[in-house]
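Geometric and topological summary
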Amino acid sequence: MTDQYAVVGNPIAHSKSPVIHQLFAEQTHQDLAYKTLLAPLDGFEQVVSDFFNEGGKGLNVTVPFKQNAWHYSQLLTEAAKKAGAVNTLWLNEENLLCGDNTDGVGLVTDLEINQQVLLVNKKILILGAGGAVRGVLEPIITKQPASITIANRTVSKADKLADDFADLMAIEVSNFTELNETFDIIINGTSASLQGDLPPLPDRVIGSQTICYDMMYGAEQTAFNQWAQEKGSQKQIDGLGMLVEQAAAAFHIWREVNPTTKGIIKEIRAGL
Ligand code: ATR
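Residues numbered from 1 in each chain as written. Predicted model: local features only at pLDDT ≥ 70, side-chain atom pairs only at ≥ 80, totals over all residues. Heavy atoms only, no water.

**A word on the overall build of the protein chain**
Within the protein chain one finds 10 helices and 12 strands. Relative to its length of 272 residues, the protein chain is compact, with a C-alpha radius of gyration of 19 Å against a globular reference of 19 Å. Once the C-alpha set of the protein chain is aligned to its principal axes, its extents read approximately 60 × 40 × 30 Å. Relative to its 272 residues, the protein chain shows a buried fraction of 51%. Within the protein chain, contacts between residues separated by at least 24 positions form 65% of all contacts whose residues are at least 6 apart in sequence. Total accessible area on the protein chain is roughly 12,800 Å²; 48% of this is exposed by carbon and sulfur atoms. In the protein chain, which carries 20 positive and 32 negative side-chain charges, the distance between the mean positions of the two groups comes to 4 Å. (Helix = DSSP H or I, 4+ residues; strand = E, 2+ residues; numbered from the N terminus. Rg over C-alpha atoms; globule rule 2.2 N^0.38 Å. Buried < 20%, exposed > 50% of the residue type's maximum accessible area, 1.4 Å probe, protein only. Contact = heavy atoms within 4.5 Å. Areas by Shrake-Rupley, 256 points an atom, 1.4 Å probe, with all protein chains shown as cover. Lys, Arg positive; Asp, Glu negative; His and termini not counted. Charge placed at Lys NZ, Arg CZ, Asp CG, Glu CD.)

**Comments concerning the side chain of Glu-138**
Assignment of secondary structure puts Glu-138 in helix α6 (residues 131–142). Lys-82 provides the closest opposite charge to the buried, unpaired Glu-138, separated from it by 8.5 Å. When near neighbours in sequence (up to four residues on either side) are disregarded, Glu-138 contacts Ala-79, Lys-82, Phe-165 and Leu-168. (Salt bridge = Lys/Arg side-chain N within 4 Å of Asp/Glu carboxyl O.)

**With respect to the pattern of salt bridges**
A full pass over the atoms with the stated rule returns 10 salt bridges. Of the charged contacts, one joins Asp-3 and Arg-255 as a salt bridge, the two residues approaching to 2.8 Å between their closest N and O atoms. Taken as a pair, Asp-3 in strand β1 (residues 3–9) and Arg-255 in helix α9 (residues 240–255) lie far apart in primary sequence, 252 residues in all. According to the relative accessible area criterion, Arg-255 is buried, its value standing at 17%. Note that Lys-66 is salt-bridged to Asp-103, the shortest N-O span being 2.9 Å.

**A short note on helix α1 (residues 17–28)**
Within an α-helix, residues lying three or four positions from one another point in the same direction, as the helix has 3.6 residues per turn. Compared with an ideal rise of 1.5 Å per residue, which puts 12 residues at 16 Å, α1 spans 16 Å between its outermost C-alpha atoms and is within 8% of the ideal. The set of residues buried in α1 consists of Ser-17, Pro-18, Ile-20, His-21, Leu-23, Phe-24, Ala-25 and Thr-28. At the exit of α1 stands His-29, carrying a positive phi of roughly 55°. (Expected span 1.5 Å × (residues − 1).)

**A short note on the site of the ligand**
As a structural note, the neighbourhood of the ligand is formed by 14 residues, with Ala-132, Asn-152, Thr-154, Lys-157 and Asp-197 the closest of them. One of the backbone nitrogen or oxygen atoms of Gly-131 is found 3.0 Å away from an oxygen atom of the ligand. For the ligand, an oxygen atom lies 2.5 Å from a polar atom in the side chain of Thr-154. Here the ligand has 640 Å² of accessible area as a free molecule, and 73% of this is covered by the chains. For the shell around the ligand, the residue count by class is 3 nonpolar, 8 polar and 3 charged. (Near = heavy atom within 4 Å. Polar contact = N/O pair within 3.5 Å; in protein donor to acceptor, adjacent residues only side chain to side chain. Nonpolar A, V, L, I, M, F, W, Y, C, P; charged D, E, K, R; others polar.)

**Some remarks on the sheet that holds strand β10 (residues 185–188)**
Read across the open sheet, the 6 strands follow the order β9-β8-β7-β10-β11-β12; overall the sheet is parallel. At either margin of the open sheet sits one strand with a lone partner, and together these are β9 (172–174) and β12 (235–237). The mean angle between the axes of side-by-side strands here comes to 20°, regardless of whether they run parallel or antiparallel. Contacting β7 (123–127), β8 (147–151) and β10, α6 runs over the sheet at an angle of about 170° to β7. (Pairing = 2+ DSSP bridges. Axes fitted to C-alpha atoms, helices over the stretch in contact; angles between N-to-C directions.)

**Examining the pairing of strand β2 (residues 32–38)**
Looking down a regular strand, the side chains alternate between one sheet face and the other. The pairing of β1 with β2 spans 7 bridges and is classified as parallel. By the bridge assignment for β2, Val-7 is matched with Thr-36. After leaving β1, the chain enters α1 and then returns to the sheet as β2, a path that is right-handed. (Right-handed = clockwise from strand over helix to strand, strands pointing away.)

By themselves these figures say nothing about function.
This is the structure we're talking about:
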């Protein structure tokens, strides 16, 4: 029987994961099917348990269920433990439900491999302190940047994140307006651009060598990347590569093969 995979979310109809995983499967000659699963807001756990009871091999998890998946997992990877959220589920040999979070690895792979932007010794500014940022911090810290500053509208949330990761690295915390240095890399992990909004950042955070990365993506340049370009940053990258790379990392967990992502990122970009 063809191995079954799916992505669970609510809403889910517009997910690009089925297309991405079908492309991976064709490229690596894997016999699998990958569909979307709409879970009721109060019924995530039932959908997951039914899926695996019926022989399903692996699930991706998206909004708003990544925290549910974290609680529901019986075993967590180190990245997932710290992330407080899970986006990839599978069963191990003992039939235990395992959870990983590949978002951070996806971001780091896109930056370091696809964009050739190394994080080691860089001064990094991260905007936002919600689930998206918590999910990517551990793999970023692993790359040994010189410093990480988290700036958020609600500073207490950034303080909490810094506390939670203090065992791995001392993280600076700030509001947006009082940032007073120029950064090598700025990563936007706020959902502000969903409302076409921009965090009120001082111009000085951007220099001519600054690389800007928006975890969001779209057919048009994001509001944050547009601003970053106007301010003269060296490069602006959106989150489409991160999306494909987090999928590739999940595919590797399930199938133990590494798809080549470059052409697939292009193909998904062309369809936006
Ligand atoms: P996600 O899972 O996408 O991270 P979240 O946990 O709700 O969602 O976090 C959203 C993040 O975007 C938060 O850092 C939020 O700032 P607050 O902690 O102050 O709420 C940030 N955010 C959302 N809208 C914003 C806006 N218009 N301007 C600046 N920051 C915004």
